[in-house]
Amino acid sequence: MSERTAPATEPAPAATEAESTDTEVTSGATAVIRALENADVETAFGVQGGAIMPIYDALYDSDIRHVTMAHEQAASHAADAYGVVHGAPGVCLATSGPGATNLVTGIADANMDSDAVLALTGQVPSDMVGSDAFQETDTTGVTAPITKHNYFATSPDTVGDTVGEAFALAAEGRPGPTLVDLPKDVSLGETDREPGPGRSPATCRPRTEPADAEVEAAARAIERAEKPLLLFGGGVVKGNATDAARQFATEHRIPVVTTMPGIGAMPEDHDLCLSWAGMHGTGYANMAITHTDCLVAVGTRFDDRLTGGIDTFAPEAEVVHIDIDPAEISKNVHADYPVVGDAERAIERVDAEMTASPDAREWCEQCLTWKDEYPMDYAAPDTEPLKPQFVVEALDEATPDETIVTSGVGQHQMWAAQYWTFREPRRWVSSHGLGTMGYGLPAAIGARLAADDDETVVCVDGDASFLMTIQELSVAVREDLDITVAILNNEYIGMVRQWQDAFFEGRRMAAGYDWCPQFDKLAEAFGARGWAVDSYEEVPEAIEAALAYDGPSVIDFHVDPAENVYPMVSSGGANGKFALSEDQL
Amino acid sequence: MSDGQTGLQGPAPEDRPHPDGRRNAQGIRVDPAVESEREPRRTVLSAIVEHEPGVLSRVAGLAARRQFNIESLTVGPTTVDGHARITMVVEEPDPGIDQIETQLAKLKPVISIGELDDDAVRAELVLLKVRGEDPDKVHAITEMYDGKTLDAGPETITVQLTGDEHKIDDAVDAFRRFGIIEIARTGQTALAHGGKKTVPGEEPGTSGEPTKPTTNTTSK
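In this text, all values refer to a predicted model and were calculated from it rather than measured experimentally.

Colleague: Summarise the overall build of chain A; cite the residues concerned and give the values.
Modeller: Helix and strand counts for chain A stand at 22 helices and 18 strands. Restricting to contacts in chain A with at least 6 residues of sequence separation, those with at least 24 account for 77%.

Next up, the structure:
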């Protein structure tokens, strides 16, 4: 499929023959909505409340589709996932006080994963700010550390411009969340001033064109490498650099590993792709990263779950680091050859500068040997209990190649990432940096609304993750969203249980339930369809039925509660010393 | 999926080849034989920022949450309308100083930021309140450090001293003999030597439009 780039190329899901009409600006609130329309926003996620009511009133006459979520946290996650799949920032709204603080988790999540999100929050009237008024929270204070920038609107005349600027800033350069806090008097205040075209602030425009000297130095380093390795991060996906990145890898025959957010930047069934590296990455990716002599990292911040202990990370490698954010250069891992700029542009420039491909035939052979030596596999007896990895493979098999997969956080997330074969970017939608349990279902809602109608959306969830945002099933039912939730239910907060068994002498404190709800019945109570599956033979039938159902469906897979996620690099350990089972930790 | 009970296969961790190389705490690849950790150094950063509400808290908050070691921070308006200068004394190893600059440069109100050279002109102001029992001796020390007496009475004498950090430190030591009751220091502020610009791309005069240099990597 082609990459998703500009929002303008996406047909509006709700578009009809009738020409869309722009909101007439009569107030601060209508100026806000007009600014969103000017930015081609088609969908917004939110929850009503006192201080944001003027904004909702302005939405009443707008063509923007508003999806009322059950909880504001879900609104920020849905907006985040919408943005990941769509390519343009997702938009979420909430009222002041608890509405705004409930958004915080999703904003922090977007910040950690560099996802473009615009949050609009209501605020008490300006003259009451600072008085501890009803539902007052210092929202710009609370969200300053987790946004690229946030704004406190001060005038109906300029609030439209501010919203346009915040939307543009969210997408500019390294994407991330922005927020505009809207005091009620600003929203209600009269104005007829139409917002101008939204531009990101002059002080935040990144360098996109890499410097010649940096490009030359990087090219020379790659040319002379004997064991070069490409590391594609989320920046390749978000920078729409997938085509350039793949072209570079195949032209020069350089093996590729990805980070988790970088999944899909390279087709995982390509002979050069070693899948993703890090704590639960493949053995072969971690072997390659350990032995490379030239690591060419694109759009990654070298998260500790990727690097393991810094002292043993790619210990023999010269590091070429391409990133649009100069602050990521040498933050965690020293960049011998930094290239600051747009990912696609930088890859093309380095490619054009190279006069020869590195001679890496032996190294490629070695990487293939590691693929054979450390295959991703799991023990699967013929009888119950059902293995969670089997369920993931069965789902992958039963769904089209370009299915969008969202997940919560924990063991199920790792199995989904390990055993689903991703071939395209923006198909794996998960919470990486913040590790937010409960992300999966609201993300599936956001992804569904951003996806084309003929695309399939599956949420692979865990029982504990699902319970954290289960109320959003009501939204999926009301909006008639065709999503399938597959719960890998082991009746544990499984990753915690795994760590307790490995590092806390099996003392399972607060990791399990005495009683787990029947999720298939709960789904039916919400108005969705539900199935419970205990055995291998029931798996294909349930998956087929759930996928065939045109609406929200939930399959509760009762999987082996003793199954653990491996390979595993212990926290702070060496990637090359990944354990294949608990006794190797 | 494999039949039976096998699961993941492959050589155990201790049976795999592992390279000898390593990186130091700053992620810099080091010779296995040489221990190499960069030493912290003290330097002055100067930033031109948009003079708007909350700018100081954004700068200070960023420094706090990223554990940047900031010794002092001063802020005040410049000759350009709507601009202010923030001067920071920081103490970090080299990669840390780069981090402070690049992270601060990302803040929307930060227009430009740079590190001052060693020959920069630096000064700070201190107010010292000492016991007033020995006014002549207090006066003599104050004179010695080119200070000024701001307030004198039978109980206390308050003097003002200005100068670079070393001079102020020496002066404070000299006043200790009188018994320092209270002290207030502004922290250092600084400008580049001679015709050099304090902050890269800094515009003199009263142009209102913030500009960012495009050639300097530390200021985006």
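Colleague: Give a description of the interface of chain A and chain B that names residues and reports values.
Modeller: Taken residue by residue, the interface counts 44 residues in chain A and 39 residues in chain B. Within the residue set of the side of chain A that touches chain B, elements represented by two or more residues are helix 11 (283-291) and helix 15 (388-398) of chain A. Its residues assigned to classes, the side of chain A that touches chain B comprises 24 nonpolar, 12 polar and 8 charged.

Colleague: Which residues make up the environment of M568 of chain A, and what values do they have?
Modeller: Among the secondary structure elements, M568 of chain A is positioned in the segment after strand 18 (553-558). Along the sequence, M568 of chain A and G283 of chain A sit 285 residues apart, while their C-alpha atoms lie 8.8 Å from each other.

Colleague: I'd like to hear about the packing of helix 3 (residues 72-86) of chain A against helix 17 (residues 440-450) of chain A, residue by residue, with values.
Modeller: Helix-helix packing: each pair is described by the crossing angle between the helix axes and the interaxial distance. All names here are of chain A. Direction vectors running N to C along helix 3 and helix 17 enclose 40°, while the axes themselves pass 7 Å from each other. Judged by the angle between their axes, helix 3 and helix 17 are oblique. Remark: the crossing between helix 3 and helix 17 carries right-handed chirality. From helix 3, A74, H77, A78, A79, D80, A81, Y82, V85 and H86 reach across to helix 17, where they touch P442, A443, I445, G446, A447, L449 and A450. Taken together, the residues of the contact of helix 3 with helix 17 sort by class into 12 nonpolar, 3 polar and 1 charged.

Colleague: So what's going on with the environment of G235 of chain A? Which residues, and what values?
Modeller: Residue and element names in this part refer to chain A. Within the secondary structure, G235 is located in helix 9 (residues 234-238). For G235, a count of 28 C-beta atoms within 10 Å gives the class buried. Ignoring any residue separated from it by four or fewer positions in sequence, one finds G235 in contact with V298, G299, T300, D323, I324 and A343.

Colleague: How would you summarise the UniProt feature "domain: Thiamine pyrophosphate enzyme N-terminal TPP-binding" (unreviewed entry) in chain A if you had to cite specific residues and measurements?
Modeller: UniProt annotation of "domain: Thiamine pyrophosphate enzyme N-terminal TPP-binding" (unreviewed entry) refers to residues 27-140 of chain A when read in the numbering used here. Within the segment residues 27-140 of chain A, helix and strand shares are 44% and 18% respectively, and the terminal C-alpha atoms sit 22 Å apart.

Colleague: Outline the sheet that holds strand 8 (residues 256-258) of chain A, listing residues and values.
Modeller: In a beta sheet, neighbouring strands pair by backbone hydrogen bonds and run either parallel or antiparallel. All names here are of chain A. Spatially, 6 strands are ordered 9-8-7-10-11-12 in an open sheet, and the strand pairing comes out parallel. Edge positions in the open sheet fall to strand 9 (273-276) and strand 12 (337-340), since each of these has one partner strand only. If you compare each strand with its neighbour and ignore which way they point, the axes differ by 15° on average. Sheet contacts for helix 8 (residues 212-224): strand 7 (228-232), strand 10 (294-298), strand 11 (318-323) and strand 12; angle to strand 12, the most-contacted strand, approximately 135°. Contacts from helix 13 (residues 343-353) reach strand 10, strand 11 and strand 12, with the element oriented near 135° to strand 11.

Calculation notes
- Residues numbered from 1 in each chain as written.
- Chains lettered and ligands numbered in written order.
- Predicted model: local features only at pLDDT ≥ 70, side-chain atom pairs only at ≥ 80, totals over all residues.
- Helix = DSSP H or I, 4+ residues; strand = E, 2+ residues; numbered from the N terminus.
- Contact = placed C-beta atoms within 7 Å.
- Nonpolar A, V, L, I, M, F, W, Y, C, P; charged D, E, K, R; others polar.
- Axes fitted to C-alpha atoms, helices over the stretch in contact; angles between N-to-C directions.
- Parallel < 35°, antiparallel > 145°, perpendicular 65-115°, else oblique.
- Left-handed = near helix turned anticlockwise from the far one by under 90°.
- Buried ≥ 20, exposed ≤ 12 C-beta atoms within 10 Å, placed from the backbone.
- UniProt positions renumbered as here; feature names shortened; annotations may be inferred.
- Pairing = 2+ DSSP bridges.

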